[in-house]
Amino acid sequence: DVKVTQSSRYLVKRTGEKVFLECVQDMDHENMFWYRQDPGLGLRLIYFSYDVKMKEKGDIPEGYSVSREKKERFSLILESASTNQTSMYLCASRLAGPQETQYFGPGTRLLVL
Amino acid sequence: AQSVTQPDIHITVSEGASLELRCNYSYGATPYLFWYVQSPGQGLQLLLKYFSGDTLVQGIKGFEAEFKRSQSSFNLRKPSVHWSDAAEYFCAVGAGAGGTSYGKLTFGQGTILTVHP
């Protein structure tokens, strides 16, 4: 079975802190994604990576950066956390290819105070 | 740009009743379409997907969906709902054949399903 894990299920941070969210997949997937999920807005893509050290902005990249130094790990970084970044963050991965499926981690619920 | 609309924010059905969740998409060519389910506090699980071919697709947990190109719809159905189906359901669209989007998906707003005993 595909397994996508996220480093924390719940996280509480202070405004202005630098926050790291980690995502690890164990299926040698090339593509990885970070989404945020907010009630009534569904999932919105923050960043994705199509291979190691490669990244592209999604629909809402402002205030975020990412790092992919190894194939299995994709990190989301909040450079200076703000209260409007309080949200559920979901990581996903997939094999490269036109008909591959995205597999999701359990999510990290982040509260910024 | 692609987009997805799920017109129903919240649906309530009785256990054993039939279910249909609506999904309308906007995409310039033949899309790839997905339905995911999210149980409380969990990540998303794939229910079914459509890439090409038969427009009626079967998924897990007894769900099915029908792709209707003329209506730009991909509605999810289940003939008899179980209490364990209570969850949030997301429809998503991705670039179809020939697309170079690296599998990016655009999600709808989600539909919360409540099941009454």
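Summary of the structure given here.

Thresholds, definitions, all that
- Residues numbered from 1 in each chain as written.
- Chains lettered and ligands numbered in written order.
- Predicted model: local features only at pLDDT ≥ 70, side-chain atom pairs only at ≥ 80, totals over all residues.
- Heavy atoms only, no water.
- Helix = DSSP H or I, 4+ residues; strand = E, 2+ residues; numbered from the N terminus.
- Buried < 20%, exposed > 50% of the residue type's maximum accessible area, 1.4 Å probe, protein only.
- Pairing = 2+ DSSP bridges.
- Axes fitted to C-alpha atoms, helices over the stretch in contact; angles between N-to-C directions.

### Examining unusual backbone geometry
Residue and element names in this part refer to chain B.
- Located in the positive-phi region is Lys61, a residue other than glycine, with phi close to 60°.
- Structurally, the position occupied by Lys61 is in the loop between strand E7 (56-58) and strand E8 (64-68).
- Of note in the backbone geometry, Ser72 takes a positive phi value of approximately 50° without being a glycine.
- Within the element layout of this structure, Ser72 appears in the loop between E8 and strand E9 (73-78).
- Overall, Ser72 belongs to the partly exposed group, its relative accessible area being 26%.

### Structural notes on the sheet that holds strand E1 (residues 4-6) of chain A
All names here are of chain A.
- In space, the four strands of this open sheet follow the order E1-E3-E8-E7, with antiparallel pairing throughout. The two strands at the open ends of the sheet, each matched to only one other strand, are E1 and strand E7 (64-70). Taking each pair of neighbouring strands and ignoring which way they run, the sheet shows an average axis angle of 20°.

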